[in-house]
Protein chains: 2
Amino acid sequence: MKVLLTVLDGISDRPIKKFDEKTPLKKSDTPNLDHLARSGVNGILDPISPGIRAGSDTAHLSLLGYEPRDIYTGRGPLEASGAGIKVKKGDLGLRCNFATKENNEVVDRRAGRISNTSELVKSINEEISEIEGVKVFFKESTGHRAGLVLRGKNLSNKITDSDPKKPHKEPKKIKPLEKEAKKTATILNQFISETEKILKDHPLNEKREKRGDLPANTVLLRGAGKVPEIDNIKTKYGIKGGLITATGLIKGIGKICGLDIIEVPDASGSVDSDIVAKAEKTLEVIDDYDFILLHIKGGDEASHDGDPEKKVKFLEEKIDPAMKKIVNNLDNENVVKAVTADHTTSSELKDHTGDPVPLTINSSNVRKDEVTKFSEETYKGGINRIKGRNLMPILLDLANRTEKYGA
Amino acid sequence: MKVLLTVLDGISDRPIKKFDEKTPLKKSDTPNLDHLARSGVNGILDPISPGIRAGSDTAHLSLLGYEPRDIYTGRGPLEASGAGIKVKKGDLGLRCNFATKENNEVVDRRAGRISNTSELVKSINEEISEIEGVKVFFKESTGHRAGLVLRGKNLSNKITDSDPKKPHKEPKKIKPLEKEAKKTATILNQFISETEKILKDHPLNEKREKRGDLPANTVLLRGAGKVPEIDNIKTKYGIKGGLITATGLIKGIGKICGLDIIEVPDASGSVDSDIVAKAEKTLEVIDDYDFILLHIKGGDEASHDGDPEKKVKFLEEKIDPAMKKIVNNLDNENVVKAVTADHTTSSELKDHTGDPVPLTINSSNVRKDEVTKFSEETYKGGINRIKGRNLMPILLDLANRTEKYGA
């Protein structure tokens, strides 16, 4: 049997006052998600462990069966990998923003929401390929984002960010947090100053300024982390896995874990994304894989915007029609279908919280329970409460793809 | 208070299509098991951890509170101990089959299901007691089975099996999987060739061939493992424990953990076993012990045979009458009675699966819940979901036999 794991990013929530204490999941009319719950086995899942506020990165690592405490040092290498840099074990990765600086003050952390930085990146790469004997890889990602990777000896992720996080602040000098990180900090500060020289009179910035747009005249760095050494999915579980996502960070995790990235042109990672197209792509490729991770982002965005109505709308008008495709086309004799979230995102707090998330597993061989709706009330089901890293062993066992431990 | 832990080997199952999606436990009429659940506290238990397909050996170690990942290297030493070899820490143990070889091909892995090999074992022991300075211990077990132990320096369990597993294959040469295992592989290959010389013209084999039975003219080795260093039950928990089982492997685990093996002549480890005799033996000896592990095997056998009806029959006609003895004779003021399984065995897959198993704990001091039947639906009970290694601390706490941790 194959496994399809659908992760509804941040779909879980806390009770919403104006929804009469219902969560968006509980308020939504989602007959297809509910069908999966009603004919499946249900429970709740702590992405990391109870009460821990997971990021999407640490949660996805955990859902894939890795122990983030052993391998996660920062978001940088995952973003850099997602941007398309072929990272290697031991590389130092960072997240970058193109930004606008005036009088040594960051006036816009996103450089007027610049949408295409490839010309800038090209110029930077022409000038900078090595600093102090350390190789430098730089690549644009979506919008104002980019990834930076350093490859060489004695690099450390124990450094501060240059990103001041808020506008109208000076960009910070990157500082070492341990003696061994001095060299890394020096290289990165040099990267920033050399980049600023390249960007200062760049033709693209001149064009932007002429038409009244903010110039992308600096880069802000944050999220330094080392690329971990991990067994990929193939080695770990003996399966061929694919990933469908529009989110760079999740792509980066997929690449590091050895999942094939399956592109869907009309998927955007926002509430306007074509989720049915993602479901259709899943149906198209599932025969080529043992395992597909289908990641759907919009619900998280709605919560970060503090808009639970948008979350309900996204659930009813985007997610559930996509689930209908899956329910109608993947039979439960051949595919173990699981639906969960990577973390709770509170629409009132506009941020992730440490609450558990719902989990439904649907296949012909599960012990069905009495849960009838996919919501935070799946706690009443037969799975009770598990941790993120327990999920893959359960799904692969149901798919009859595991080795016996002992005799 | 005393503790009686009844382990119904492989009794848990997945939904059975021809049972209208009921499991054998759910389908069975077992008033006495159900009485224990109805007046007890219930939950589900992951023998190792969620989704992990446990063997009976790793599961029993876990149920006794040991961490198999720290101590388990293979089934061999447990089988050898179960056969009666007094194993010591560091010994290398292997499982053996007497088999029939013709033209260098294994024609029967069980030597015509030979029932008594003690004469063969005696001859082998007369000839072989040491190879290359390493002591050799060999002992017959039930039927065609035997245990082999090597005692000496620099032995390794990182070797391949000689058993080809399927008939009409050549027996394999034992090969080292690491450099340090070369000596062990050499000794074992020499043991096999010397044994074959002894068996070739053995009077018992001549007799067998005369009456048309297959000769036991070779031994097949597998399941190499080192005898672990573990605290026995007495040291670990301060209790005197006894074990009632008809299964060699479980006896071996009991011996290694310091449980007294209590024999019941009419117990066979099969569906035809006299389980009531085991319950009666339990009543007879419980005054001499703080803890009894009562192991009942037949349900697992029925599942491995793909026969859920046989499992139901065994539950109704063998297990439940034995439980009646226990319910009627061990009052819940004096004995904490727990019933669980070591793993799920799917009657449709005919093999172990990673699903959780039911758990009932019955004593006067438990917080009773609303569960009314001993089945996989014990997930609704007050224990929720625990791991195998959590069970002993819970049972010993209810028996008021534990030390406070802290003040």
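Residues numbered from 1 in each chain as written. Chains lettered and ligands numbered in written order. Predicted model: local features only at pLDDT ≥ 70, side-chain atom pairs only at ≥ 80, totals over all residues. Heavy atoms only, no water.

**Student:** Describe in detail the UniProt feature "domain: Metalloenzyme" (unreviewed entry) in chain A, supporting the description with residues and values.
**Tutor:** Mapped onto this numbering, the UniProt entry gives "domain: Metalloenzyme" (unreviewed entry) at residues 1-397 of chain A. This span, residues 1-397 of chain A, is 33% helix and 22% strand, and a straight line between its end C-alpha atoms measures 10 Å. (UniProt positions renumbered as here; feature names shortened; annotations may be inferred. Helix = DSSP H or I, 4+ residues; strand = E, 2+ residues; numbered from the N terminus.)

**Student:** Can you break down the packing of helix 2 (residues 31-38) of chain A against helix 13 (residues 308-329) of chain A residue by residue, with the values?
**Tutor:** Residues and elements named next belong to chain A. With their axes 7 Å apart at the nearest point, helix 2 and helix 13 run at an angle of 50° to one another. The orientation of helix 2 with respect to helix 13, classified from their angle, is oblique. On helix 13, the residues touching Pro31, Asn32, Leu33, His35 and Leu36 of helix 2 are Leu315, Ile319, Asp320, Met323, Lys324 and Val327. Counted by class, the contact of helix 2 with helix 13 contains seven nonpolar, two polar and two charged residues. (Axes fitted to C-alpha atoms, helices over the stretch in contact; angles between N-to-C directions. Parallel < 35°, antiparallel > 145°, perpendicular 65-115°, else oblique. Contact = heavy atoms within 4.5 Å. Nonpolar A, V, L, I, M, F, W, Y, C, P; charged D, E, K, R; others polar.)

**Student:** I'd like to hear about empty space enclosed by the protein, residue by residue, with values.
**Tutor:** All names here are of chain A. Here the structure, examined in full by the defined rule, presents five cavities of 30 Å³ or more. In terms of lining residues, the largest cavity is bounded by Glu79, Ala80, Ala83, Arg95, Cys96, Asn97, Ser141, Arg145, Ala146, Gly147 and Arg222. Secondary-structure elements contributing two or more residues to the lining of the largest cavity are helix 5 (76-83), strand 3 (92-102) and strand 7 (145-151). (1 Å grid on protein atoms, 1.4 Å probe; cavity = no way out; pocket = protein on both sides within 12 Å on 5 of 7 lines; lining within 4 Å. Points joined across faces, edges and corners; volume = space filled by probe spheres on them.)

**Student:** Describe the relation of the copies chain A and chain B, and please don't skip the residues or the numbers.
**Tutor:** Note on the identical chains: chain A maps onto chain B by a rotation of 124° and an axial translation of 0.3 Å, with an RMSD of 0.1 Å. Such a turn and shift between the copies fits a three-fold axis. Considering only C-alpha atoms, the part of chain A nearest the rotation axis is asparagine 384 of chain A, at 3.7 Å. Of the residues that chain A buries at the interface, just 11% are likewise interface residues in chain B, meaning the two copies contact each other through different surfaces. (Least-squares fit on C-alpha atoms with pLDDT ≥ 70 in both.)

**Student:** Describe the sheet that holds strand 12 (residues 335-340) of chain B, listing the residues and the values that go with them.
**Tutor:** Residues and elements named next belong to chain B. A sheet is described by the order of its strands in space; here eight strands give the open sequence 10-9-11-1-12-15-2-16, paired in mixed fashion. Looking at the sheet topology across the chains shown, the edges are occupied by strand 10 (260-261) and strand 16 (384-387). The sheet strands contacting helix 13 (residues 308-329) are strand 1 (2-8), strand 11 (291-296) and strand 12, and the helix crosses strand 11 at an angle near 165°. (Pairing = 2+ DSSP bridges.)

**Student:** Which residues make up the interface of chain A and chain B, and what values do they have?
**Tutor:** Taken together, the contact pairs 27 residues of chain A with 35 residues of chain B. When chain A packs against chain B, close to 2400 Å² is buried across both sides, 46% of that on carbon and sulfur atoms. On the chain A side of the contact with chain B, Arg367, Tyr405 and Ala407 of chain A bury the most area, a combined 35% of that side's loss. At the boundary of chain A with chain B, the tally comes to four salt bridges. When the shortest N-O distance is used, the salt bridge between glutamate 370 of chain A and lysine 380 of chain B registers 2.6 Å. Linking chain A with chain B are 17 residue pairs in polar contact (both at pLDDT 80 or more). Considering each element in turn, the side of chain A that touches chain B owes the most residues, four residues, to helix 14 (residues 391-398) of chain A. Looking at the side of chain A that touches chain B, its residues break down into eight nonpolar, nine polar and ten charged. (Buried area = accessible area lost by both parts, 1.4 Å probe. Salt bridge = Lys/Arg side-chain N within 4 Å of Asp/Glu carboxyl O. Polar contact = N/O pair within 3.5 Å; in protein donor to acceptor, adjacent residues only side chain to side chain.)

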